[in-house]
Amino acid sequence: MGFYMTNFAVVSLHSSPLDQPGSGDGGGMNVYVFQLASALARLGNDVNIYTRATSQDDPARIEIEPGLRVHNVPAGPLAALDKDELLEYVDEFTENVIARIQIDRSLKPDVVHSNYWISGLVGHKLKHFYQVPMITTFHTIEAIKAIGRTVPDDRVSESFRMDAEDQIAGCSDFVLASCDQEALDIQRYLGLASERIAVVPLGVEHAYFAPGDMAMARSAMELPQNDPISLYVGRIQPLKGLATAFEAFSCTLSDFPNSRFVVVGGPSGHLGEVELDYCFDMARSKGFEDKIIWRQPEPHIRLASYYRAANLVVVPSRTESFGLVALEAMASGTPVVASSVGGLKSLISHGRTGLLAPVRNGGVFANLMLELLSTRERSSMIARNALMQARTYSWKEAAERALSVVESLDVRQLIECG
Ligand code: UDP
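As recorded in an unreviewed UniProt entry, the protein chain goes by the name D-inositol 3-phosphate glycosyltransferase, listed as coming from Acidithrix ferrooxidans.

Here's what the structure looks like:
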């Protein structure tokens, strides 16, 4: 596309990049949208993020830093809505984005970047309206979520979302995948040729997530000084596997009766509440509820201290397109025990930069947690390797890769839908 400053229209309809991640719809996608956009702006691009206004107090436009703005665009009620209630407002949202660009021509995009399938529906319309390329990051695809879950978690039918994802993939000039596994899944389930998929691994904010003194971190976060601490960070919903972590933790208590399990985060979606109740009940019925320390979602600047305070971090997800929590823990010098799925398999080499367990296997998770708690040398060696591995990931690099994809696109040869 040439070597001029590129104007990105980044669509994140269902969730603002300024929301606190860790519960509800706020998770890795919010971090990704914000950090990638910020890194693109710092490389000299103009980035406008369009999200849905959810309150009458939301300013229409927020200047974040030079080249980076968040636009709160009205569509439907000025209130939080479930993701699956948003479909009926896709057209209104799109029209209002276009109306805003009509008023301020400096917002006119050179490229559209859609995040998540609902935003892809908007991006598809913007692409054709402005005749510019669209790149898409799916974050999750329905076919993979469907494998990991046992009951439906969205009211939108699986087949509707799958069809929409097919169409969005078909209309995207390029799809950004977070890891090799996601790229393969997109080829397999959305039928996209590998030439139209670029693997762009996520980054991590090294300024926050860096090793630090465990005792100081524990005292700052008001955590016990001497007990072994295992940590779970993130949204609570069946796919994130907190129940597996609880099961594993309960098995470690006979060896480490003083150990504690810290949960930072809150429920996501209606099944998040169900999962939370299930975990509460398990802790109560197995008699370890007094070992669990619950904390509300925390901003990154404070989350860093939780990672430093922990002896290990558990990432028991059933599916994971990347796994930012694992990378943040690694960058903080804390060893990770994670499920052997998706992006976690790219991040962690078992036995060297972390430990991997089969999905939903509480017994294996327990053994690996015990391995880290009981062998300090092994735990330190893994933490050191993990830190070195984490240092190879940066948002600047992610932005450079995304930019090189955009620069390879020719506006005269846009992909025709289909
Ligand atoms: N997060 C946070 N505060 C919390 C819990 C989570 O900022 O209290 C962030 C966490 O630091 C990470 C993101 O939410 O950057 C979760 O991303 P991940 O890829 O692990 O999971 P996802 O939410 O995408 O499923």
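Below, the discussion takes up the pattern of salt bridges. Scanning the model with the defined rule gives 19 salt bridges in all. Glu63 serves as the salt-bridge partner of Arg69, at 3.3 Å between the closest nitrogen and oxygen. Overall, Glu63 belongs to the partly exposed group, its relative accessible area being 49%. The salt bridge partner of Glu165 is Arg161, with a shortest N-O separation of 2.8 Å. Here the residue Glu165 and the residue Arg161 both occupy positions in helix 5 (residues 158–171), the gap between them amounting to four residues, near one helical turn. A single salt-bridge network, built from bridges that share partners, covers Asp46, Arg61, Glu63, Arg69 and Asp104.

Glancing now at the packing of helix 3 (residues 117–130) against helix 5. Interhelical geometry of helix 3 versus helix 5 gives an angle of 40° and a closest axis separation of 9 Å. Once helix 3 is placed against helix 5, the crossing between them reads as left-handed. The segment helix 3 lies against helix 5, with Trp117, Gly120, Leu121, His124, Lys127 and His128 engaging Phe160, Arg161, Ala164, Glu165, Ile168 and Cys171. Of the residues belonging to the contact of helix 3 with helix 5, the class tally is six nonpolar, three polar and three charged.

In the vicinity of the ligand there are 20 residues, among which Gly28, Arg235, Lys240, Glu298 and Glu328 approach most closely. Between an oxygen atom of the ligand and a side-chain N or O atom of Lys240, the distance comes to 2.7 Å. Note that an oxygen atom of the ligand is positioned 2.9 Å from one of the backbone N or O atoms of Leu324. Expressed as a share of its isolated accessible area of 540 Å², the protein-covered part of the ligand is 93%. Listed by contribution, the elements that provide at least two residues to the shell around the ligand are helix 1 (28–42), helix 10 (300–309) and helix 11 (324–331). Considering each element in turn, the shell around the ligand owes the most residues, three residues, to helix 11. Counted by class, the shell around the ligand contains eight nonpolar, seven polar and five charged residues. When residues are assigned to domains, the shell around the ligand turns out to be shared by domain 1 (7–203 + 395–413) and domain 2 (214–390), each giving three or more.

Definitions and cut-offs
Residues numbered from 1 in each chain as written. Predicted model: local features only at pLDDT ≥ 70, side-chain atom pairs only at ≥ 80, totals over all residues. Heavy atoms only, no water. Salt bridge = Lys/Arg side-chain N within 4 Å of Asp/Glu carboxyl O. Buried < 20%, exposed > 50% of the residue type's maximum accessible area, 1.4 Å probe, protein only. Helix = DSSP H or I, 4+ residues; strand = E, 2+ residues; numbered from the N terminus. Axes fitted to C-alpha atoms, helices over the stretch in contact; angles between N-to-C directions. Left-handed = near helix turned anticlockwise from the far one by under 90°. Contact = heavy atoms within 4.5 Å. Nonpolar A, V, L, I, M, F, W, Y, C, P; charged D, E, K, R; others polar. Near = heavy atom within 4 Å. Polar contact = N/O pair within 3.5 Å; in protein donor to acceptor, adjacent residues only side chain to side chain. Areas by Shrake-Rupley, 256 points an atom, 1.4 Å probe, with all protein chains shown as cover. Domains from an automatic or database assignment.

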